[in-house]
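# Structural characterization, general
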Amino acid sequence: MGKTLFDKVWDSHVVQRIENGPDVLFIDRHLVHEVTSPVAFLGLKNRGINVLYPERTFATADHNTPTINQHLPVKDELSANQLKALEENSKAHNIPYWGLGHEKNGIVHVIGPENGITVPGATIVCGDSHTSTHGAFGAIAFGIGTSEVEMVLSTQCIMQPKPKSMRININGELSKAVTPKDVALFIISKLTTSGATGYFVEYAGDVFQNMSMEGRMTVCNLSIEMGARGGMIAPDQQTFDYVQGREFAPKGADWNKAMTYWETLYTDDDASFDKELTFSAAEIEPMITYGTNPGMGMGIQNDIPLAEAVEGGAATYKKSLAYMEFNEGDSMIGKPIDFVFLGSCTNGRIEDFRAFASIIKGRRKADNVTAWLVPGSHKVEEAIKEEGILEILQDAGFELREPGCSACLAMNDDKIPAGKYAVSTSNRNFEGRQGPGARTLLASPLVAAAAAVTGKVTDPRELLELQEA
Amino acid sequence: MAYDKFDILTSSAVPLPIENVDTDQIIPARFLKATERKGFGDNLFRDWRYNPDNTPKEQFVLNNPIYSGKILVGGKNFGSGSSREHAAWAVYDYGFRCVVSSFFADIFRNNCLNIGVLPVQVSPEFLDKIFKAIEADPNTQLEVNLPKQTITLVESGEQENFAINDYKKGNLSNGFDDIDYLLNIKSNIEKFAQNTPL
């Protein structure tokens, strides 16, 4: 019986199997940020032990950082403390630390791939649920809690029962203005936020094969939003080309050795999955969410479903719409919005800024909209400048902020005010996620751009057609 | 971090019959700025529990004095979203030692197990029975028996078994954590590391 891609990577990292218990899984790369690590480092201190493999550990500051005036001292005392703690802990344990102002600084899931830390066939963890992003390279990557961060720092291992396997196949050609974000929001809307809990997902079919690496990252990033621990895509020539030559990627003889392993990373024809789902690319429209979890999404031209048509608890569903101040049966098109957020580990890469710019070029930001455009890293910021995108943004009345997680989780000052509506390219529309009382509509960079220039929910295809006309 | 051993817990319970309770609700991100594991219970369900001016929202269950106990009972898909262990810390720090639901998100479940909070998954029917029993009598006693892996509505005697793997059960029963285990096999790990291709 053949093995799945997931089996191959998982099984090759098992140090020990415990009967009726978890596997001891070896972790190749550990990414660390300021919010979920200080208590773990404190644990090491209390036990009197050091980080076992600092060379497999990388630290950046992203969750709790300002996105303006990063050259100035951080004003918020608690945030400044947390950043200082990470800097000191990294120094004490010889971990590379890319803090504010460092050229490699950025969102942890953006800088991993950028710097060649993320490679196929690796096990990658971070104290952040969107670690699933790195599965785009055919890595097993997933988020962990702080106790587990302490485990990996101290022993480079984690104890996890092997999850069940699921394959999601999508074949065909994506329609106009349908982006990787829409593909992911579509899948989540079909599975609900718990439909893949307990599973590790492989995405297969020509939609994913034809997708760019950045697109694959967006899809894998959102795996956690349907409950999956992670998602992965088999590495191919595009993957290897992306990785080769990056700073921390294997080189010379190590590259050849790695390639020998990487070329085995695909699901065997006779392998089987615990669950398999198939969708057609033609079904997928530009998506938008209307509720308070990422599963509450639909094609942008659809009406908000009636409670009676929704599976599960009507009470929870109605509570959600009440929070949003939307009604069952409402159309989303034309709903006024107040904020637009372009950024996050989901959609804060250069392709996302290119997509956003493609719509706003030659148009103006709507007066009623406050827009926060936040690159995922300094490298993304540089590319925005080099490619002339900054000029397009500025001509249309937008400003670019400095890299970080920003309004995705609103730990810093980038908070959407209570009651306001934000079209966001980030990953969660939970109550208060973007600020207490804030209301989030998740969408692609194209939908966000269309909202930014019209001041309301707008189908990006209309604007693209005008451009073509 | 060591924690209290878990054996048999008999307590009244606090009902939260809402589905998809995510970890941003359990503890909002703006309360994640600490560098020590202290005081997270104060901000458990912060925005459901308090108004923007910090006055308590009286209708929220944690502000209703008729409900109390060491067991939190939540709706389906409890703990989804962010991996923040702070959510489990907040549940523990508030005084809960057990969370009951018909379905848990993976990372939250693991985080609970790692800090000595027992996640008990029951059938949707049994969850419904628990909610109804508490609605009828807020002082309804639940017995959670880890050695026998049972949860019982004490008065009616209605009972269900729950699953937990032997390894984690042993850890919770003895107050051990995974790092103790991993440090014991460190030489195996180091040997393994020498032969990894990456």
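Cut-offs applied
- Residue indices follow the written sequence of each chain, beginning from 1 at its first position.
- Here chains are named by letter from A upward and ligands by number from 1 upward, in the order in which they appear as written.
- Owing to the predicted nature of the model, reporting of local features is limited to residues with pLDDT of at least 70; listing and counting of side-chain atom pairs is limited to 80 or more, with chain, interface and lining totals taken over all residues.
- Hydrogens and water are ignored here; the side-chain numbers use all heavy atoms of the structure.
- We call two residues in contact whenever any of their non-hydrogen atoms come within 4.5 Å of each other.
- Buried area, as used here, totals the accessible surface that two parts lose on assembly, with accessibility defined by a 1.4 Å probe and the loss added over both.
- When a carboxyl oxygen of Asp or Glu is within 4 Å of a side-chain nitrogen of Lys or Arg, the pair counts as a salt bridge.
- Pairs of N or O atoms within 3.5 Å make up the polar contacts considered here, provided that, within protein, one atom can donate a hydrogen while the other can accept it, and that residues adjacent in sequence are counted only when both atoms are side-chain atoms.
- Segments assigned H or I by DSSP are reported as helices when at least four residues long, segments assigned E as strands when at least two residues long, and all are numbered from the N terminus.
- Whether a residue is buried, partly exposed or exposed follows from its accessible area with a 1.4 Å probe, protein chains only, as a fraction of its type maximum: under 20%, in between, or over 50%, in that order.
- At least two DSSP bridges between two strands are required for those strands to pair.
- We call a crossover right-handed when, viewed with both strands directed away from the observer, the connection leading from the first strand over the helix to the second proceeds clockwise.
- An axis is simply a line fitted to the C-alpha atoms; with a helix, the fit covers only the stretch in contact. Between two such axes, the angle follows the N-to-C directions and lies from 0 to 180 degrees.
- For any pair of crossing helices, the crossing counts as left-handed if the nearer helix is rotated counterclockwise from the farther one by less than a right angle, and right-handed if it is rotated clockwise.
- Any residue outside Ala, Val, Leu, Ile, Met, Phe, Trp, Tyr, Cys, Pro, Asp, Glu, Lys and Arg is labelled polar, Gly included; the first ten of those are nonpolar and the last four are charged.
- Aromatic pairing here means that ring centres of Phe, Tyr or Trp (its six-membered ring) are within 6.5 Å. Orientation follows from the plane angle: under 30 degrees is stacked, over 60 is edge-to-face, and everything else is tilted.

### Looking at the interface of chain A and chain B
Taken together, the contacts link 75 residues of chain A with 55 residues of chain B. Taken over both partners, the interface formed by chain A and chain B buries close to 5,200 Å², and the fraction arising from carbon and sulfur atoms is 61%. At the junction of chain A with chain B, the criterion picks out four salt bridges. Ionic pairing is found between Asp177 of chain B and Arg47 of chain A, a salt bridge with its closest N-O pair at 2.6 Å. Counting across the interface, chain A meets chain B through 23 residue pairs in polar contact (both at pLDDT 80 or more). Mapped onto the side of chain A that touches chain B, the elements with two or more residues apiece are strand 1 (14–17), strand 2 (23–26), helix 2 (38–47), helix 3 (77–92), helix 5 (146–155), strand 8 (157–160), helix 10 (253–262) and helix 11 (314–324) of chain A. A per-element tally of the side of chain A that touches chain B places helix 5 of chain A first, with seven residues.

### Some details on the pairing of strand 4 (residues 98–101) of chain B
Residues and elements named next belong to chain B. Burial of strand 4 is two-sided: the residues Cys98 and Val100 facing one way and the residues Val99 and Ser101 facing the other way are all buried. Strand direction decides the pairing type here: strand 3 (residues 71–74) and strand 4, joined by three bridges, are parallel. Paired with Leu72 across the bridge in strand 4 is Val99. With respect to chirality, the unit in which strand 3 leads through helix 3 (residues 86–94) into the neighbouring parallel strand 4 is right-handed.

### A word on the pattern of salt bridges
The tally for this structure, following the rule as stated, stands at 31 salt bridges over all chains. Residues Arg47 of chain A and Asp180 of chain B are paired through a salt bridge, measuring 3.2 Å at the closest nitrogen-oxygen approach. Taken together, the residues Arg47 of chain A in helix 2 and Asp180 of chain B in helix 7 (residues 178–184) connect one chain to another. Residue Arg461 of chain A pairs with Glu285 of chain A through a salt bridge whose shortest N-O separation is 2.8 Å. Highlighted residues: Arg461 of chain A in helix 17 (residues 460–468) and Glu285 of chain A in the loop between strand 12 (275–280) and strand 13 (287–289), separated in sequence by 176 residues. Linked by salt bridges that have partners in common, Lys3, Asp7, Asp11, Arg17, Asp23 and Lys162 of chain A make up one network.

### A look at the packing of helix 13 (residues 350–360) of chain A against helix 16 (residues 445–454) of chain A
All names here are of chain A. The N-to-C vectors of helix 13 and helix 16 enclose an angle of 35°; their axes lie 8 Å apart at closest approach. Two packed elements cross with a definite hand, and for helix 13 against helix 16 that hand is right-handed. In this structure, helix 13 contributes Asp352, Ala355, Phe356, Ser358, Ile359 and Ile360 to the contact, and helix 16 contributes Pro445, Leu446, Ala448, Ala449, Ala450, Ala452 and Val453. Its residues assigned to classes, the contact of helix 13 with helix 16 comprises 11 nonpolar, one polar and one charged.

### Quick word on the packing of aromatic side chains
Residue and element names in this part refer to chain B. This model, assessed by the stated rule, comprises 23 aromatic pairs over all chains. When the centroid spacing of 5.2 Å and the interplanar angle of 20° are considered together, the rings of Tyr94 and Phe96 count as stacked. Judged by relative accessible area, which is 31%, Tyr94 ranks as partly exposed. Taking 5.5 Å as the distance between ring centres and 85° as the angle between the ring planes, the aromatic pair formed by Tyr167 and Tyr181 counts as edge-to-face. Highlighted residues: Tyr167 in helix 6 (residues 166–174) and Tyr181 in helix 7, separated in sequence by 14 residues.

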